[in-house]
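Notes for the structure review
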Amino acid sequence: MSLLWSHEVLGLHVIADSTGAVRMGAPGEEWDRLLPLVEITATGHGRTWSGERFIDTAIGERLTYRGHRTVQDGIWQCAVVGLADPETGLAAEVSLRTRPGAGFLRAQVRVVNEGESALRLESVSTLTLGGVAGGGLDTLTLHWADNDWLSECRWRTAPFRDQVVDLSRSAHGRDGRGCFERFSQGSWSTGRHLATAGLTDPAGRAWLWQIESSAGWRHETGEREGAAYLALFGPDDAHHQWRQVLAPGEEFTTVPAVLAGSATDGLDAAFGELTAYRRLIRREHPDHSALPVIYNDYMNTLMGDPTTDKLLPLIDAASAAGTEVFVIDAGWYDDDAQGWWDAVGAWEASDSRFPGGIQKVLEAIRAHGMTPGLWLEPEVVGVRSPLARTLPPEAFFRRGGVRVTEHGRHHLDLRHPAARAHLDRVVDRIVGEWGVGYLKLDYNINAGPGTENGDESAGAGLLGHHRAHLDWLNSLLDRYPRLILENCGSGGLRMDYAQLAVVQLQSTSDQQDPLRYPPIAAAAATAVTPEQAAVWAYPQPRFTQDEIAFTLTGALPGRIHLSGFLDRMNPEQFDLVRAGISVYKDLRSRIPDSLPFWPLGLPAWEDEWIAYGWHDDTDTWVVVWRREAVTDGPTRTLPLAPLRGADVRPTVLYPSTADATATWDAPDGELSVTLPRPGTAVLLRLSSPSR
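All of the points below concern the structure found in this document. Since the structure is predicted, the reported quantities are computational estimates derived from the model, not experimental observations. (Residues numbered from 1 in each chain as written. Predicted model: local features only at pLDDT ≥ 70, side-chain atom pairs only at ≥ 80, totals over all residues. Heavy atoms only, no water.)

1. A word on the overall build of the protein
- Of regular secondary structure, the protein possesses 15 helices and 40 strands.
- A compact globule built from 691 residues would reach a C-alpha radius of gyration of about 26 Å, and the protein, at 26 Å, matches this within 12%.
- The principal-axis extent of the C-alpha atoms belonging to the protein is close to 75 × 70 × 45 Å.
- The proportion of buried residues among the 691 residues of the protein is 62%.
- Long-range contacts, defined as pairs at least 24 residues apart, comprise 68% of the intrachain contacts of the protein with a sequence gap of at least 6. (Helix = DSSP H or I, 4+ residues; strand = E, 2+ residues; numbered from the N terminus. Rg over C-alpha atoms; globule rule 2.2 N^0.38 Å. Buried < 20%, exposed > 50% of the residue type's maximum accessible area, 1.4 Å probe, protein only. Contact = heavy atoms within 4.5 Å.)

2. Observations regarding the packing of aromatic side chains
- Enumeration according to the criterion identifies 20 aromatic pairs in this entry.
- Ring geometry for Trp340 and Trp375: centres 5.9 Å apart, planes at 70 degrees, overall edge-to-face. With a gap of 35 residues between them, Trp340 in the loop between strand E22 (325-328) and helix H9 (359-367) and Trp375 in strand E23 (residues 371-376) connect regions that are remote in the sequence. Judged on exposure class, the residue Trp340 and its partner Trp375 are both buried.
- When the ring of Tyr612 is compared with that of Trp614, the centres are 5.8 Å apart and the planes differ by 25 degrees; the resulting orientation is stacked.
- For Tyr612, a relative accessible area of 2% puts it in the buried group.
- Through a chain of ring-to-ring contacts, the aromatic side chains of Trp332, Tyr333, Trp340, Trp341, Trp347, Trp375 and Trp434 assemble into a single cluster. (Phe/Tyr/Trp six-rings, centres within 6.5 Å; stacked < 30°, edge-to-face > 60°.)

3. What to know about the layout of surface pockets
- The calculated volume of the largest pocket comes to roughly 700 Å³.
- The set of elements that each furnish at least two residues to the lining of the largest pocket consists of helix H5 (266-281), strand E33 (595-597) and strand E40 (680-687).
- When residues in the lining of the largest pocket are grouped by element, the largest group, six residues, is from H5.
- For the lining of the largest pocket, the residue count by class is 17 nonpolar, 11 polar and five charged. (1 Å grid on protein atoms, 1.4 Å probe; cavity = no way out; pocket = protein on both sides within 12 Å on 5 of 7 lines; lining within 4 Å. Points joined across faces, edges and corners; volume = space filled by probe spheres on them. Nonpolar A, V, L, I, M, F, W, Y, C, P; charged D, E, K, R; others polar.)

4. Thoughts on the pattern of salt bridges
- Evaluation of the coordinates by the stated rule reveals 48 salt bridges.
- Put simply, Arg169 and Asp175 hold a salt bridge, and the shortest N to O gap is 2.8 Å.
- Residue Arg169 is classed as partly exposed on the basis of its relative accessible area, which comes to 24%.
- Note that Arg279 is salt-bridged to Glu531, the shortest N-O span being 2.8 Å. Here Arg279 is found in helix H5, whereas its partner Glu531 is found in the loop between helix H13 (518-523) and strand E31 (533-537), with 252 residues between them in sequence. Each member of the pair, Arg279 as well as Glu531, carries the same accessibility label: buried. (Salt bridge = Lys/Arg side-chain N within 4 Å of Asp/Glu carboxyl O.)

5. Here's the deal with helix H12 (residues 458-479)
- In a regular helix each residue adds 1.5 Å, so 22 residues correspond to 32 Å; H12 covers 31 Å between its end C-alpha atoms and thus fits that length.
- For H12, a buried count of 16 out of 22 residues is recorded, marking the element as mostly surrounded by other parts of the structure. (Expected span 1.5 Å × (residues − 1).)

6. Overview of empty space enclosed by the protein
- Within this structure, the stated rule accounts for eight cavities of 30 Å³ or more.
- If you add up the space inside the largest cavity, you get close to 70 Å³.
- The wall of the largest cavity is formed by Ala521, Ala524, Ala525, Pro530, Ala533, Val535, Gly554, Ala555, Pro557, Gly558 and Tyr612.

7. Brief notes about unusual backbone geometry
- Residue Pro655 follows Tyr654 across a cis peptide bond; omega there is -10 degrees.
- By secondary structure assignment, the location of Pro655 is in the loop between strand E37 (649-654) and strand E38 (661-665).
- Not every positive phi belongs to a glycine, and Trp347 is a case in point at roughly 55 degrees.
- Examined against the element boundaries, Trp347 turns out to sit in the loop between E22 and H9.
- Classification of Trp347 by relative accessible area gives buried; the value is 2%.

8. What to know about helix H15 (residues 571-587)
- For H15, with 17 residues, the first-to-last C-alpha span of 24 Å sits near the 24 Å given by 1.5 Å per residue.
- Gln573, Phe574, Leu576, Val577, Gly580, Ile581, Val583, Tyr584 and Leu587 are the residues of H15 that are buried.
- Those residues of H15 that are buried are in contact with helix H8 (308-321), helix H14 (545-553), strand E32 (559-562), strand E34 (609-615), E37 and E40.
- With a side-chain oxygen positioned 3.1 Å from the backbone nitrogen of Glu572, the residue opening H15 is Asn570. (Polar contact = N/O pair within 3.5 Å; in protein donor to acceptor, adjacent residues only side chain to side chain.)

9. Let's talk about the pairing of strand E14 (residues 193-200)
- Extensive coverage of E14 is indicated by the burial of eight of its eight residues.
- Here E14 pairs with strand E15 (residues 206-211) via five bridges, running antiparallel. Across the sheet, the residue bridging to Leu199 is Trp207, located in E15.
- Between the antiparallel neighbours E14 and E15 lie five residues, among them Gly204 with a positive phi of about 100 degrees. (Pairing = 2+ DSSP bridges.)

10. Quick notes on the sheet that holds E33
- Spatial ordering of the open sheet is given by E33-E34-E35-E40-E37, a layout of five strands whose pairing is antiparallel. Every interior strand has two partners, whereas the edge strands, E33 and E37, have only one. Pairwise comparison of adjacent strand axes, ignoring direction, gives a mean angle of 25 degrees for this sheet.
- Where E37 meets E40, five bridges bridge the pair, whose relative direction is antiparallel. Looking across to E40, one finds that Tyr654 is bridged to Leu683.
- The strands touched by H15 within the sheet are E34, E37 and E40, with E37 carrying the most contacts at an inclination of about 130 degrees. (Axes fitted to C-alpha atoms, helices over the stretch in contact; angles between N-to-C directions.)

Structure below.
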């Protein structure tokens, strides 16, 4: 065996045997338990063991070593391993990236057809890994997150053996044909599940993975040769109608994926590594450190019905509360007697809603020292919009020669110059001429598997559009470097790090019930860095003091998306809102360098008590929610093992109205929090008395 490359923190080695086969796994792991470094299916070249799994592929088994190199690429250490299939002439170049001392590994694969005949690819892995927890499958635990409209980031846990049953391999001499898999469907990348999952063992070892694609992804894990394996993919033929024909000389590059891990400290530490990685791959932007407070007029407030008369009092109140960005959400363009949903596309301001022009409202926002923002759904054109007739047919998604229609909308293909030119004109008018500094980019339809442009498959068309969409987003920030972009997909239905590496914020949900939001807010940092996680806070004049503080407290760990009829509040209510904003401004500079943790574990949807924490080098903060009164008492104890033995003092930061108290047990490392009433929450800081 020859060692080609190693990742010391994750304990992974890339090795080649005497035949030239290359595999990755733990040092000393049995060769047969490892997987080929790349797994590829192509028409005419399937698998050596048929079933539901996309491993044990014929091409993957034939790929042999042709060279490797290690280079320094900016902050990244990059190993590139070259492989080739002697039968088809397909060459693969595997890129493995990390940083010194980091517990993560980013992978991407480029394949080139160096043969004499065209090859029809049906799946290409981004990262494969075998030999995980060899001999310990009965002790492994699976973690994955279901995702849906209004109920995002719902983490599930199950014993590995509940999902990958023991088939008595010794009696059959073969592995099973199935696996545990999760995958996306259509153009909502996280419409069913997050593109993140993990494995843990009782010793505290944790593995997390993330696939970065808005255009189809799939991960699988199962048993192979008595050990667990992991295989990460972008789109494939079976799940996403993705096929890519490579003529001689043509190439294809997979979507990126990352593996993050911790050797001893479990999921919290692994999510810390993943958070650090997500910060590294993002496009630099001042918003990531400034974290301005955002007011948005939509949620539980104007609900897509803005007018000058309705907005001006909200602008006054939002400014007085401490808001720094004011966003006019959906409906600002609505001048259609039949409704705006299926007529959008031109993005011209409504004359009837804004007598004298929308610029009057935008100027009022600026006069209060706030940045004006607008909602936009750029990738769609309503079926009744004039643009549906004036843009060329090739500018839209089509399948079987028929234009795709979904929920009254057509879908633009941003690879077409007419589609992109249309959107560039829209943004240059809104941002360049009107002076808007914030765009909430929504995405409210699932357009299905994609578009067939010529002979391409629908999935290949979706991936092509997705990459063009990312290029367009980057071009906006190139032209307008201080423009803030929010990613919204009917809430969190396109919450992937292909887009989040470009845009600045992510909508976490459209959930309108404040009692239903805490499990989403608490788990948001599993999907997105805290400073990118936009959480709604929608206090209302009809709310009690507890209800106002409850909805505000949940937004303090990340990005405040304030809403509500602040202009109708009495002074006592308004002061409570303003106090929450003030607390946030005092602590927000610490959020971009902090790492998340969950003292009570990742929240379940119906949990009565939920806790989310974050820490930096000096302080720890914890938000605790009590939603109902179903337990024996109003006190919950939070284990904080990393602080065991430390002299720390818990301080209530917000609110002062919940009558919350907290005591610290240093020897046991436990924080006891008392919330006397259900439907309350509290933000605490734990710091040394000497600081």
